[in-house]
Amino acid sequence: MLKQVTILGALATLCIAAPAIAAPDPETFRKQVDSFVEAEMQAEKVPGVAVAVLRKGEIIVAKGFGKATVEHDVPVTADTIFQSGSVGKMFTAVAVMTLVQQGKIGLDDPISKYLPDEPASWRPITIRHLLTHTSGVANYKPDFDYRRDYSDDELVKQAYALPLDFTPGARWNYSNTGYALLGILVKKASGQSYLDILDQRVFKPVGMKTARGISDADIVPHRASGYQLVEGALKNQDFVSPSLNATADGSLYFSLNDMIAWARGVEQSAVIGAAGWQQVYTPVKLNSGKTYPYGFAWQIDQAGGAPRYHHGGAWQGFRTYYSRYLGDDLSIILLTNSADTKLDTFVDGIAKLWDDKLVATGPHPAPEPAVARRLTTLIEAVRGGTLRQQDVPLAGEGFADLANKYFGPKLKTLGPVTRVELTDRRELGDDTRYSFAVAFGDRTMKARLAIAPGDKVSQFMINE
């Protein structure tokens, strides 16, 4: 979403699909999913969850757990309406692709063709750059007022006022602002809002009967409430202005049934055809000639020796995920109404119940003490609220302030770092990304640190 900076984990290179495994017994699998989801909800204090598992388009699991609205004791069902978060970006990308196929937009058109009066540094930015997060367009700053209503022109001017994070095409860095601009651009190019295009060309054709844009004012049957944990206590989501809940970086309502219809449509190459989906799933090529494992709003990964396409979302007390495992012909959909849901824990846990090869990891790489020390230094800086932007120069404008604000208080509750173990090392575009298990006494958390050419930090994150 535009409203929450998300530093996405980088991913492995696509590989040749492996043969699909034999499916586990459906009844046994459903019981295992029930037990796992209920236990994880209790452990994480997640009020409500909707889960679907499909194989070759056939439903194995489609079930709600817990409460859609805690105050009124309303249960989650397959019809419960959740907010999309950044899972909505894949719909924006398809809206753009429908216009590409109509000849109204070109993927390599400069965005200045549709959004004039741009700064000189923006002139090389193309539609493809925005779709793949390689534009250099920065996320709005931490002091951006999310309770103010903005016009489209005002949002564009706000974006133009931000210096680019890097030369267009040089790097990959997740930009919610870039997708918000895509929605505005679609309207200018077509004369229709991206929501109208989605309703006419995506939602209705694939059978998404209740998918729509977010509106606090409208009466929306089966709408869930979003929640967050504040010092361990469940609280309602924060208020956001109507205009900032209508941007194209992930402002959608949908139900589990809607997402099941979408998953079936995706598997059938609906709306934009096989050639269009091939472009969507193609990893972006950087200026250096190296590729980064991200297409048009899909992360490109591997699982069990076969391709995996997936994306998560988080916004306003909701967290969502959609993951496709091509080798097993499997799709997992997760919708939750807690800002604190550990998406990977849920999705990986369900995938493991189906086939543990889908979450298997290789042997740990050899330790790199200098990198581990650097990570520890950054952790302690955040714990003390002293991380500087110059310490993480390529992580995005304002990242240091966000890290101090959001990561710092949690780290202060933990003891000293007692162990730093390197669990993964991989090349992503021009960067090297390291993954660690970091122990704070008897509590272990995950951390990532990416180093770009010039020995500059381009990614830093730590979570459970």
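Look above for the structure.
The rules behind the values
- Residues numbered from 1 in each chain as written.
- Predicted model: local features only at pLDDT ≥ 70, side-chain atom pairs only at ≥ 80, totals over all residues.
- Heavy atoms only, no water.
- Helix = DSSP H or I, 4+ residues; strand = E, 2+ residues; numbered from the N terminus.
- Rg over C-alpha atoms; globule rule 2.2 N^0.38 Å.
- Buried < 20%, exposed > 50% of the residue type's maximum accessible area, 1.4 Å probe, protein only.
- Contact = heavy atoms within 4.5 Å.
- Areas by Shrake-Rupley, 256 points an atom, 1.4 Å probe, with all protein chains shown as cover.
- Lys, Arg positive; Asp, Glu negative; His and termini not counted.
- Charge placed at Lys NZ, Arg CZ, Asp CG, Glu CD.
- Pairing = 2+ DSSP bridges.
- Axes fitted to C-alpha atoms, helices over the stretch in contact; angles between N-to-C directions.
- Expected span 1.5 Å × (residues − 1).
- Polar contact = N/O pair within 3.5 Å; in protein donor to acceptor, adjacent residues only side chain to side chain.
- Phe/Tyr/Trp six-rings, centres within 6.5 Å; stacked < 30°, edge-to-face > 60°.
- Lys NZ or Arg CZ within 6 Å of the ring centre and 35° of its normal.

Caption draft 1: Highlighting the overall build of the protein. Check the secondary structure of the protein and you find 11 helices and 18 strands. Over its C-alpha atoms the protein spans a radius of gyration of 21 Å, differing by no more than 12% from the 23 Å that the globule rule assigns to 464 residues. By its C-alpha atoms, the protein is 60 × 55 × 45 Å across when sized along the principal axes. Here the protein holds 464 residues, and 55% of them are scored as buried. Restricting to contacts in the protein with at least 6 residues of sequence separation, those with at least 24 account for 66%. Surface accessibility of the protein: about 19000 Å² in total, with carbon and sulfur atoms responsible for 51%. When the 50 basic and 51 acidic side-chain charges of the protein are each reduced to a single mean position, those positions are 2 Å apart.

Caption draft 2: How the structure looks around the sheet that holds strand β18 (residues 456–463). What the 4 strands build is an open sheet, ordered β15-β16-β17-β18; its pairing is antiparallel. Strand pairing shows two members of the sheet lacking a second neighbour, β15 (417–428) and β18, which therefore form its edges. Averaged over all adjacent pairs, the angle separating strand axes in this sheet is 20 degrees, with direction ignored. Where strand β17 (residues 443–452) meets β18, 7 bridges bridge the pair, whose relative direction is antiparallel. Note on β18: the bridge partner recorded for alanine 452 is lysine 456. Most of the contacts of helix α11 (residues 399–412) go to β18, to which it runs at about 30 degrees, and overall it touches β16 (431–440), β17 and β18.

Caption draft 3: Examining the pairing of β18 more closely. With respect to burial, β18 is a largely interior element, 6 of its 8 residues being buried. Between β17 and β18, which pair antiparallel and follow one another directly, the connecting turn spans 3 residues, one of which, glycine 454, has a positive phi of 90 degrees.

Caption draft 4: Here's a closer look at helix α5 (residues 176–190). Here α5 spans 22 Å end to end across 15 residues, near enough to the 21 Å set by a 1.5 Å rise per residue. Burial runs high along α5: 12 of the 15 residues are buried. Every buried residue belonging to α5 is among Asn176, Thr177, Gly178, Tyr179, Ala180, Leu181, Leu182, Gly183, Ile184, Leu185, Val186 and Ser190, and all of these are buried. Against the buried residues of α5 lie α2 (89–102), α3 (127–132), α4 (152–160) and α6 (194–206). Just downstream of α5 lies glycine 191, where phi reads positive at about 80 degrees.

Caption draft 5: Representation of the environment of histidine 311 in the model. Mapping histidine 311 onto the fold places it in strand β12 (residues 306–315). A polar atom in the side chain of histidine 311 sits 2.8 Å from the side chain of tyrosine 294.

Caption draft 6: Fine view of the packing of aromatic side chains. Throughout the structure, instances matching the rule amount to 20 aromatic pairs. Taking the centre distance of 4.9 Å and the plane angle of 80 degrees together, the rings of tryptophan 122 and tyrosine 160 count as edge-to-face. Here the residue tryptophan 122 occupies a position in the loop between α2 and α3, and tyrosine 160 occupies one in helix α4, the gap between them amounting to 38 residues. With centroids separated by 3.9 Å and ring planes inclined at 20 degrees, the aromatic side chains of tyrosine 281 and tyrosine 309 adopt a geometry described as stacked. With a gap of 28 residues between them, tyrosine 281 in the loop between α8 (273–280) and β9 (284–285) and tyrosine 309 in strand β12 connect regions that are remote in the sequence. Like tyrosine 281, the residue tyrosine 309 is buried in the burial classification. The ring of tyrosine 179 carries the charged tip of lysine 89 above its face, separated from the ring centre by 5.7 Å.

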